[in-house]
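# Observations on the model geometry
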Amino acid sequence: MRTAFLITAKDLRQRLRDRSAFLVAVIAPLALAAALGATISGFSAGSKAYQIGLVNLDYGPAASWFSNAGEGGPGALRDTGNETVARSEVKSGELDAAIVLPPGLSAASMGGPPVRLDVIGDPKNSIGTLVARSIADSYASYLHTISIASRALHADSAATIRIATDVAAAKPAIVVGDTSTTRNNLDPKTYYAAAMAVFFVFFAVQFGISSLLDERRDGTLARLLAAPIPRRSILGGKVLTSLALGLTSMTVLALTTRFALGAHWGNPVGVAVLIVCAVLAAISVTAFVTTLAKTHEQANAWLSIVSVVLGMLGGSFFPVAQAGGVLAILSKGTPHAWFLSGLQDLSSGGALSVIVEPSLVLLGIAAVCGALALVRVRKLIEP
Amino acid sequence: MRKRFGEIEAVRGVNFEIAQGESYGLLGPNGAGKTTTISIVAGLLAADAGEARVEGKLLTTKSVAAKSAIGFVPQDLAIYPDLTARENLSFFARLYGISGKRNRARVNEVLKIIGLEERAGDQAKTYSGGMKRRLNIGIGLLHSPSLLILDEPTVGVDPQSRNAILESVEQLGEQGMAVLYTTHYMEEAERLCDRVGIIDRGELKAEGTRTELVSLLGEHDKVHLAGSGSLEAAAQACARIGAVHAASVGDGSIELLVEGASAVLPEILTTASGAGVSVHGVEVEEPNLEAVFLHLTGRALRD
């Protein structure tokens, strides 16, 4: 073990001296995490309240739906008084869009001649226009329901008005629950901090195992093999180098993004467990791929390809799994996806038990790839 | 020892011994099996058959104790270019169990031996080729091994550095260290090695001291007498000397094939003068290992 530590210390000194490890393990992931987090935050930070105006030219009971702030209704919209004011405010940006309730709307809902419901929108504010359009669609559907009920009952005008009023006041029989997964989602800063950390750890750990090929190329492997040390010490030293670089990289990323960028990683113990598991998985995958290569150049090329593909499938750049289908299945085969999944559950305030499954999967990947690497590693430690 | 790589049998029954303080050279052309042989002796490769022992201890790829007795200097530079000479030496010394104050002291000693004291703190990548070679050898000396294995240490080295390396190896032999030296330079083998093994195509063709190897072939010294006068008569007179096996006249010179030229040279000169030749110059050419190798293998060392 002493000689393994000696080799690790030598490797780390080399890596620190040429600054390559520092660049790959810390600087690059930190810069990308900050850039991606800031960019995505610009799109999704917080929730935006859309201001939709209302032009009520009907003044009948049908408009009461808009004043109903209870469940099933959109809540009160700001009444602009007339269409001219509404258009002006939409154009100036004070309103995102406006809905015009035409004269005769209440009569139309009671079986009268059909009228047209207009939405005033700004082409530059397509989302606001879509929100208003969605409200108008819901409202039209609501009026249509009343109209059908009225006809079915052959009710007179007074009864129809009463039905409409009751319907507007009634609580809906079916309420769609909150289907948002917001509570399990990491905020962009945390997501990309974690995503970049697990993406770049696959590059950081390469400085350990794959440096066996460097040692062979540089002739120093022969010297190590001629020394009075067991061959497993050489291998152990390289694994320790990978472990040290991987853990340092992810820990520095977690701490820096936590305190400098405001990322919320969650329970430190859980995060530490996930980091260790992810690093072990990265070392094993990297070691296995390295054993398949014959030269340093070949190993570098293959490791880069594998790291990028796994990172993309695992959601390091965007949540590929949400595309569903084959991509979702493939994503589940990557350490990245399991690490991010565990972190999402952890950061939402879940107990430590939520990381058991992702941690076990990560350790499973580490065990399988590590075993395959061990079978093949003998050829790496030959002169 | 035997070692096969697929269809190629790189080492085919090589067998030799090296005594304490002896310098043994493995002389052969590229691809003769020298590096494979010493890789087995250094514990880098496992032999398919046979065994190597150092200080009586069996040497395998896993034998830690036996490896402690060996210093290995690979053919290619085997140093960490981004570490300093001191860091390189200190790291390898620790691998051989030399730590703490002993480490510092021994590293300083070796730096002195290889003449890199002043540049000890510079990264090895800033060194000249010769300095790197010296550091490469220095690493092999760190633990004062009983047997130092040098695999063609002067390949690609400038004449000045080459001479410095050869002098260092000579000194090591004088200090009682056994040296196993591979080369395809005949002059190095003749200069450094007490005994030489001639290896070709994985087989040890012959071994012995230089004299033994030469005498094994029955080769004779060549004596060139440059002069003027009656060269033909002088050549015939010299041919009658018992140790002279052949005499011929060349362009302004007489060439003789002589057994033990140094002993009969005065008699040859007297005979030539007596036959009316004024001798201007004498050159004696002894048979060398190149000729021995050519005779044994049918090809030159640099083929």
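All values derive from a computational prediction rather than experimental measurement. (Residues numbered from 1 in each chain as written. Chains lettered and ligands numbered in written order. Predicted model: local features only at pLDDT ≥ 70, side-chain atom pairs only at ≥ 80, totals over all residues.)

## What about the overall build of chain A?
Rules: In DSSP terms, a helix is any run of H or I states spanning at least four residues, a strand is any run of E spanning at least two, and both are numbered starting from the N terminus. Residue pairs are scored as contacts if the distance between their C-beta atoms, which are placed from the backbone, is within 7 Å.
Looking only at helices and strands, one finds 17 helices and 4 strands in chain A. Taking as baseline every contact in chain A between residues at least 6 positions apart, the subset at least 24 positions apart corresponds to 74%.

## Digging into the overall build of chain B
A count of helices and strands for chain B gives 11 helices and 14 strands. Projected onto its principal axes, the C-alpha coordinates of chain B cover approximately 75 × 45 × 30 Å. Within chain B, contacts between residues at least 6 apart in sequence are counted, and of these 67% link residues at least 24 apart.

## Considerations on the confidence of the model for chain A
Residue and element names in this part refer to chain A. To be explicit about the condition: For every residue, the predictor assigns a confidence score, pLDDT, that lies between 0 and 100.
Averaged over every residue, the pLDDT of chain A is 80; residues scoring 70 or more account for 83%. By mean pLDDT, helix H7 (residues 157-169) is the weakest element of chain A at 64, and helix H13 (residues 268-292) is the strongest at 92. Segment residues 69-74 is flagged for pLDDT under 50; beyond a separation of four residues in sequence, or across chains, it makes 12 contacts in the model.

## Remarks on the interface of chain B and chain A
The line we're drawing: Side-chain classes are defined by residue name, with Ala, Val, Leu, Ile, Met, Phe, Trp, Tyr, Cys and Pro counting as nonpolar, Asp, Glu, Lys and Arg as charged, and the others, Gly among them, as polar.
Taken residue by residue, the interface counts 24 residues in chain B and 18 residues in chain A. Listed by contribution, the elements that provide at least two residues to the side of chain B that touches chain A are helix H2 (64-67), strand E6 (70-73) and helix H3 (85-95) of chain B. Of the residues forming the side of chain B that touches chain A, the biggest block, 4 residues, is contributed by H3(B). Each residue belonging to the side of chain B that touches chain A can be placed in one class, and the counts come to 17 nonpolar, 3 polar and 4 charged.

## Quick look at the domain arrangement of chain B
Going by this rule: Domain delimitation in this document rests on an assignment produced automatically or drawn from a domain database.
The domains assigned to chain B are domain 1 (2-215) and domain 2 (220-286). Averaged C-alpha coordinates put domain 1 of chain B and domain 2 of chain B at centres separated by 44 Å.

## Remarks on the packing of helix H1 (residues 2-18) of chain A against H3(B)
Stated precisely, the cut-off is as follows: Between the N-to-C directions of two axes lies an angle of 0 to 180 degrees, each axis being a line fitted to C-alpha atoms and, for a helix, fitted only over the stretch in contact. What sets the label is the angle itself: under 35 degrees gives roughly parallel, over 145 gives roughly antiparallel, 65 to 115 gives roughly perpendicular, and the rest give oblique. Left-handed is the label given to a crossing in which the near helix is rotated counterclockwise from the far helix by less than a right angle, and right-handed is the label when the rotation is clockwise.
Relative orientation of the contacting elements H1(A) and H3(B) amounts to 165°, with a least axis distance of 10 Å. In this view, H1(A) runs roughly antiparallel relative to H3(B), as classed from their interaxial angle. Handedness of the crossing formed by H1(A) with H3(B): left-handed. Here H1(A) contributes Thr3(A), Leu6(A) and Lys10(A) to the contact with H3(B), which in turn contributes Phe91(B), Arg94(B) and Leu95(B). In terms of residue class, the contact of H1(A) with H3(B) is made up of 3 nonpolar, 1 polar and 2 charged.

## Topic: the sheet that holds strand E9 (residues 195-200) of chain B
Residue and element names in this part refer to chain B. The condition that has to hold: A pair of strands is considered paired only if DSSP assigns at least 2 bridges between the two.
The 6 strands are arranged E6-E7-E8-E3-E9-E10 in an open sheet whose pairing can be described as mixed. Two strands lie at the open edges of the sheet, namely E6 and strand E10 (203-208), each paired on one side alone. Ignoring which end each strand starts from, the neighbouring axes of this sheet average 15° apart. Relative to strand E8 (residues 178-183), helix H6 (residues 159-174) is tilted by about 150°, and along the sheet it contacts strand E3 (23-27), strand E7 (147-151) and E8. Packed on one face of the sheet, helix H11 (residues 289-297) meets E3, E9 and E10 and runs near 40° to E9.

## Some words on the environment of Phe318(A)
With respect to the helices and strands, the residue Phe318(A) is situated in the loop between helix H14 (296-313) and helix H15 (325-331). Once the C-alpha coordinates of Phe318(A) and Tyr191(A) are considered, the two residues, 127 residues apart in sequence, prove to be 9.7 Å apart.

## Some words on the sheet that holds strand E14 (residues 277-285) of chain B
Residue and element names in this part refer to chain B. Read from one edge of the open sheet, 4 strands run E12-E13-E11-E14, paired in antiparallel fashion. What marks the edges here is a single partner per strand, and that holds for strand E12 (244-249) and E14. Each neighbouring strand pair of the sheet contributes to a mean axis angle of 20°, computed without reference to strand direction. Where strand E11 (residues 221-229) and strand E13 (residues 253-258) come together, 6 bridges link them in antiparallel fashion. Bridged to Val-223 within E13 is Leu-256. In the packing of helix H9 (residues 231-239) onto the sheet, the strands contacted are E11, E12, E13 and E14, and the crossing angle to E12 comes to about 175°. Most of the contacts of helix H10 (residues 261-274) go to E14, to which it runs at about 160°, and overall it touches E11, E13 and E14.

## A short note on the pairing of E8(B)
Residues and elements named next belong to chain B. Threshold: Counts of 20 or more other C-beta atoms within 10 Å of a residue's own C-beta define buried residues, counts of 12 or fewer define exposed ones, and intermediate counts define partly exposed ones; C-beta atoms are placed from the backbone.
Most of E8 is tucked away, with 6 of its 6 residues classed as buried. Taking every second residue as pointing to the same face, both faces of E8 are buried, with Ala-178, Leu-180 and Thr-182 on one and Val-179, Tyr-181 and Thr-183 on the other. As paired elements, E3 and E8 share 5 bridges and run parallel to each other. Considered in E8, the bridge of Tyr-24 is made with Leu-180. By the bridge criterion, 5 bridges tie E7 to E8 in an arrangement that is parallel. Bridge assignment links Asp-151 to a residue of E8, and that residue is Thr-182.

## Considerations on the pairing of E6(B)
Residues and elements named next belong to chain B. Where burial is concerned, the two faces of E6 agree: the one with Ile-70 and Phe-72 and the one with Gly-71 and Val-73 are both buried. As paired strands, E6 and E7 are joined by 4 bridges and run parallel to one another. Across the sheet, Gly-71 pairs through a bridge with Leu-148, a residue of E7.

## What about H13(A)?
As a reminder of what qualifies: Expected span, for any helix, means 1.5 Å times one less than how many residues it has.
When the terminal C-alpha atoms of H13(A) are compared, their 36 Å separation across 25 residues agrees well with the 36 Å that a helix rising 1.5 Å per residue should span. The buried fraction of H13(A) is high, at 19 of 25 residues.

## Side note on the packing of H3(B) against helix H4 (residues 100-113) of chain B
All names here are of chain B. Across the interface, H3 lies against H4 with an axial gap of 10 Å and an inter-helix angle of 125°. The pairing of H3 with H4 is recorded here as oblique in orientation. When the axes of H3 and H4 are compared, the crossing they make is right-handed. Within the contact between the two elements, H3 uses Ala-85, Arg-86, Leu-89, Ser-90, Ala-93 and Arg-94 and H4 uses Asn-103, Arg-106, Val-107, Val-110 and Leu-111. Grouping the amino acids of the contact of H3 with H4 by side-chain chemistry returns 6 nonpolar, 2 polar and 3 charged.

## Considerations on the environment of Leu346(A)
All names here are of chain A. Within the secondary structure, Leu-346 sits in helix H16 (residues 335-347). For the pair formed by Leu-346 and Phe-22, sequence separation is 324 residues and the distance between their alpha carbons is 28 Å. Contact partners of Leu-346, with chain neighbours within four places excluded, come to Gly-266, Asn-267, Gly-270, Val-271, Val-354 and Ile-355.

## Focus on the confidence of the model for chain B
All names here are of chain B. Per-chain confidence: chain B averages 86 in pLDDT, with 97% of residues scoring 70 or above. Across chain B, H3 holds the top mean pLDDT of 94, while H11 sits lowest at 76. Both confidence scores are given for the complex: pTM 0.70, ipTM 0.77.

## Some remarks on unusual backbone geometry
All names here are of chain B. If you check the backbone angles, Ser-144 has positive phi at about 45° while not being a glycine. For Arg-201, which is not glycine, the phi dihedral falls at a positive 50°. The residue Arg-201 is located in the loop between E9 and E10 in this model.

## Things to note about the environment of Ile381(A)
Residues and elements named next belong to chain A. Looking at the secondary structure, you find Ile-381 in the segment after helix H17 (356-376). Classification of Ile-381 by C-beta neighbours within 10 Å gives partly exposed; the count is 18. Placed 69 residues apart in sequence, Ile-381 and Met-312 show a C-alpha to C-alpha distance of 32 Å. For Ile-381, the residues in contact, after removing those within four places along its chain, are Leu-212, Arg-231, Ile-234 and Leu-235.

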